Structure formats: structure tokens, C-alpha cells
Amino acid sequence: MVKNVYQLDRARIYLGEVQKAIEFIINDDWFLANLTLKSLKVSCLSEIKIMYLRQKII
């Protein structure tokens, strides 16, 4: 159950970041949109790596 709560929290955070990037695009602030999306990409890749390593250990 704790794992599901963690994943739900992460999904909410990532959704918030995507919404922020969309707002930047709507406001024609491409620089901040790109920074937000790059940060999101790093976070997602890190999360995937952590999940992979956890599965590999088990």
C-alpha cells in the first residue's frame, strides 16, 4: 500500500510540472517551459532507474 501512495504522490508531482510547463507555453515563455520539461525528464529517468535497481536487487 505504501508503494501505491508513493507512486500516486510522484504522479501528482509530475502532473503539476507538466501543467506548469503548459502554462509557460501558453504565456509564450519557452525558456521556462524547456527548463521545466528538462527537469521533469531528469526526474522521470531517475525514477525509472531507481525502480529498475530495486527490481534487480529483489
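Calculation rules
- Residues numbered from 1 in each chain as written.
- Predicted model: local features only at pLDDT ≥ 70, side-chain atom pairs only at ≥ 80, totals over all residues.
- Heavy atoms only, no water.
- Patch = residues over 30% accessible without salt bridge, like charges linked within 9 Å, V, L, I, M, F, W, Y side chains within 5 Å.
- Areas by Shrake-Rupley, 256 points an atom, 1.4 Å probe, with all protein chains shown as cover.
- Salt bridge = Lys/Arg side-chain N within 4 Å of Asp/Glu carboxyl O.
- Helix = DSSP H or I, 4+ residues; strand = E, 2+ residues; numbered from the N terminus.
- Buried < 20%, exposed > 50% of the residue type's maximum accessible area, 1.4 Å probe, protein only.

Enquirer: Explain a nonpolar patch on the surface here, please?
Expert: On the surface, a cluster of nonpolar side chains totalling about 260 Å² of accessible area is made up of Val 18, Ile 22 and Ile 26. Its location among the elements puts Ile 26 in helix 1 (residues 2-26). Among the residues examined, Ile 26 registers a relative accessible area of 59% and is labelled exposed.

Enquirer: Looking at this model, I keep getting lost on the environment of Glu 23. Mind explaining?
Expert: Mapped onto the elements of the fold, Glu 23 is located in helix 1. For the pair formed by Glu 23 and Ala 33, sequence separation is 10 residues and the distance between their alpha carbons is 8.0 Å.

Enquirer: When you look at the pattern of salt bridges in this model, what are you seeing that I'm missing?
Expert: Opposite charge on two side chains permits them to pair, given that their charged atoms come into close proximity. For the structure shown, the criterion picks out three salt bridges. Arg 12 is paired through a salt bridge with Asp 9; the nearest N and O atoms lie 3.6 Å apart. Residue Arg 12 and its partner Asp 9 are located together in helix 1, separated by three residues, close to a single helical turn. Under the relative-accessibility criterion, Arg 12 is labelled exposed at 53%. Under the relative-accessibility criterion, Asp 9 is labelled partly exposed at 35%.

Enquirer: Any chance you could explain unusual backbone geometry here in plain terms?
Expert: Peptide bonds are, in most cases, trans, and in most cases residues other than glycine have a negative phi. We note that Asp 28 has phi near 60 degrees; this positive angle belongs to a residue other than glycine. Looking at the element boundaries, Asp 28 is found in the loop between helix 1 and helix 2 (30-57). By relative accessible area, Asp 28 is classed as exposed at 57%.

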